[in-house]
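Structure assessment
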Amino acid sequence: MSAEDHWKHTVPRKSATFDDYAISEIRRAATTGIYDIRGGGAKRKLPHFDDLLFLGASMSRYPLEGYREKCSTDITIGTRFAERPIHLKIPITIAGMSFGALSGPAKEALGRGATAVGTSTTTGDGGMTQEERAHSQTLVYQVLPSRYGMNPDDLRKADAIEIVVGQGAKPGGGGMLLGQKITKRVADMRSLPEGIDQRSACRHPDWSGPDDLEIKIQELREITDWQKPIYVKVGASRPYYDIALAVKSGADAVVLDGMQGGTAATQEVFIENVGLPTLAAVRPAVQALQDLGMHRKVQLIVSGGIRNGADVAKCLALGADAVAIGTAALIAIGDNDPGLEARYNAMGTTAGAYDDWHEGRDPAGITTQDPELSARLDPIIAGKRLANFLSVLALEVQTIARACGKSHVQNLEPEDLVALTIEAAAMAGVPLAGTNWIPGSRPG
Amino acid sequence: MATIDLANFPIRKLNAELHSLKPDTNDTHWRVLNPRGQHAIAVGVDAPVTIEVAGHVGYFCAGMNKQAHVVIQGNAGQGVAENMMSGFVHVNGDASQAAGASGCGGLLVIDGNASARCGISMKGIDIVVKGSVGHLSAFMAQAGSLVVLGDAGEAIGDSIYEAHIYVRGQVKSLGADCIEKPITDRHKAELTRLLEAAGEVDGIDIGSFRRYGSARNLYHFHVDNIGLY
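As a starting point, this report considers the structure included with it. (Residues numbered from 1 in each chain as written. Chains lettered and ligands numbered in written order. Predicted model: local features only at pLDDT ≥ 70, side-chain atom pairs only at ≥ 80, totals over all residues.)

Structural notes on the interface of chain B and chain A
Note the following rule: This entry defines residue contacts through backbone-placed C-beta atoms, with two residues in contact when those atoms are within 7 Å. The numbering of helices and of strands both runs from the N terminus, where a helix is a DSSP run of H or I of at least 4 residues and a strand a run of E of at least 2. Polar here means any residue outside two lists: the nonpolar Ala, Val, Leu, Ile, Met, Phe, Trp, Tyr, Cys and Pro, and the charged Asp, Glu, Lys and Arg; Gly therefore counts as polar.
At the junction of the two partners, chain B supplies 38 residues and chain A supplies 24 residues. Breaking the side of chain B that touches chain A down by element, the ones donating at least two residues are α1 (11-19) and β7 (123-129) of chain B. Of the residues that constitute the side of chain B that touches chain A, the class distribution is 18 nonpolar, 13 polar and seven charged.

This is the structure:
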């Protein structure tokens, strides 16, 4: 282009609507005739905990000395009905992820890491493995619609039971584990032929609705002699009503999973377009508990996009009793490791973006059932990394809590927070920074 | 025989007593009176005992049963013998929805009819229904056999895996990926064994049954099958 041409033409401009990703997806769909399936949670930019800040102590509140005055982190879950509630040293748990979606060494690493810091880990859609039970001091056993691997012996071996109604990545959706991950062991655990695509139902086979759920919970309590805490997990969609109905159904604890929460595999369109961001879900859930007089009596565990101690602290301040991490835990044990960049490049992706977990080709040996790939993950080293990460999260929460003058991290409260955006202020129900304005709140 | 009257004995205590039974217990015969449609009666039992329940039961009776022989002398509510692992559950009357749901083993016999989703997600249990079954029975059935002496409602065997379905009466419609299959000698033997176990030794012509199972077209997701989903 000559110098004169610059005066005749505009520079090329790409559409903000039809951006590179949107265009590539149209081409991909046109070529394959099928929707895109991937793992992980929502990748789009969403209002999140970064949009909140803590105020810290000043004239009206006294901070605690960082290295001298105690700031406790322990929590008890299941105090409502269970005869044996679980006691965790930190309010950060490991979310449910299946053996099948994850390799055996990955599940072992999660158990080792959680146990080292005194917290719980959770089974997934596929049942409980011996290795997982052996390496997890506190193990939550999921009851899922598929009931793969479900049996009363494992139910009794568990420390708590989690009835999964939905998950944040796909509220209202089931699952699909592609055949390449259905090895003989996975198939045997799920009573399915080896190598076929395994579908997970989206509804439970023997109950529907909160009235039935109440009876289902009663049955599980009877089978386990009322010993175990029973959680109900929901994907964030109508949190006020879902949490109220879970309480009505007799849950000891509720797990609320926002749309940034990951999945082993589902449709991209589902992950990105169904459900609520975690930030928008916490306050309605807490409100439901408060309206029922059940806040702190039915524990609220929040998950979906928790990355650091600040996110944990903000969840707790908004009223959660604990959080659960999934994606962050996988990253801590080696998922999307930049050291494997050449292998990611060979698959047409890059470290930090790899999300084809359903294909079972994970070079980190985490989201795979390939024996050779799985063997790359050392569960002892990976477990230590997870323990380190969990310890850092707990230390960070304590740092913030002490700065806010709290002797227990659970004493963090919404009054410790402000929001940087109007959206976050409205969703979290805290004032826009520098104002006393909480958008959406009613006067009086 | 141990007799428990639920009119003045909590279910929680009944289940706790049943759970405390040792494998060599002498209390091998239990009779439960006045069930009055209550839920979760005799759930999670793991002992070689016989439990007679004298009347109608609510949801999930004999749920996750192992080893025990449970006889319900009445009708059963939703999810009877759900996720049963082994043993024998016998409903003398009718059963509500999701009978034997996700059962992994053992035998469930229903003398009357079973409602919708009988044998949903079954994983190895055998079910014999002497009457008819409702819609979507054997939905996503993975393993085991469902034998129906009467008729079957809409969409039986929808998205079925490797379970076997035998129906003597009319089938209103087959679900996605469920097709009729020939009855071989192996299937005749299986059917005979199940009918005998259900107490139907005489007067039933094995040749009057038709067998249904998976076409296995949906075992691998393919866009060309999109109309079937």
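Let us keep going from here.
Quick word on helix α9 (residues 278-291) of chain A
Since the α-helix advances by 3.6 residues per turn, residues separated by three or four positions end up pointing in the same direction. Residues and elements named next belong to chain A. Selection rule: Between the first and last residue of a helix there are one fewer steps than residues, each counted as 1.5 Å, and that sum is the expected span. Residues with at least 20 neighbouring C-beta atoms inside 10 Å of their own are called buried, those with 12 or fewer are called exposed, and the rest are partly exposed, where every C-beta is derived from the backbone.
The end-to-end C-alpha distance of α9, which contains 14 residues, comes to 20 Å, matching closely the 20 Å that a straight helix rising 1.5 Å per residue would cover. With eleven of its 14 residues buried, α9 lies for the most part within the structure. Within the sequence span of α9, burial applies to T278, L279, A280, A281, V282, R283, P284, A285, V286, A288 and L289. Along its buried surface, α9 packs onto α7 (239-248), β12 (253-257), β14 (299-303), α10 (309-317) and α15 (422-428). Positioned one or two residues after α9, G293 has a phi angle of 70°, which is positive.

Some words on the environment of B:Y59
Examined against the element boundaries, B:Y59 turns out to sit in the loop between β3 (50-54) and β4 (69-72). Accessibility expressed as a C-beta count within 10 Å gives 28 for B:Y59, which makes it buried. Put simply, B:Y59 and B:N83 are 24 residues apart on the chain and 13 Å apart in space, counted from C-alpha to C-alpha. What B:Y59 contacts, discounting residues up to four positions off in sequence, is A:I215, B:H39, B:A40, B:G77, B:Q78 and B:G79.

A look at α7(A)
Residue and element names in this part refer to chain A. Burial of α7 is extensive: seven of the ten residues sit out of reach of the surface. When α7 is considered as a whole, its buried residues turn out to be P239, D242, I243, A244, L245, A246 and V247. The elements touched by buried residues of α7 are α6 (209-223), β11 (230-235), β12 and α9. Looking at the residues trailing α7, positive phi occurs at G250, about 100°.

Comments concerning the sheet that holds strand β1 (residues 2-5) of chain B
Residues and elements named next belong to chain B. Convention followed: In this description, strands pair whenever DSSP reports at least two bridges between them. Whenever a helix is involved, its axis is fitted only over the stretch in contact; in every case the axis is a line through C-alpha atoms, and angles between N-to-C directions fall within 0 to 180 degrees.
Across the sheet, which stays open at both edges, the eleven strands sit in the order β1-β2-β3-β4-β5-β6-β7-β8-β9-β11-β10 with mixed pairing between neighbours. Of all strands in the sheet, those bounded by a partner on one side alone are β1 and β10 (178-181). Along the sheet, successive strands turn relative to each other by an average axial angle of 15°, direction set aside. As paired strands, strand β6 (residues 107-110) and β7 are joined by four bridges and run parallel to one another. Each residue of the ladder has a partner; that of I110, found in β7, is V129.

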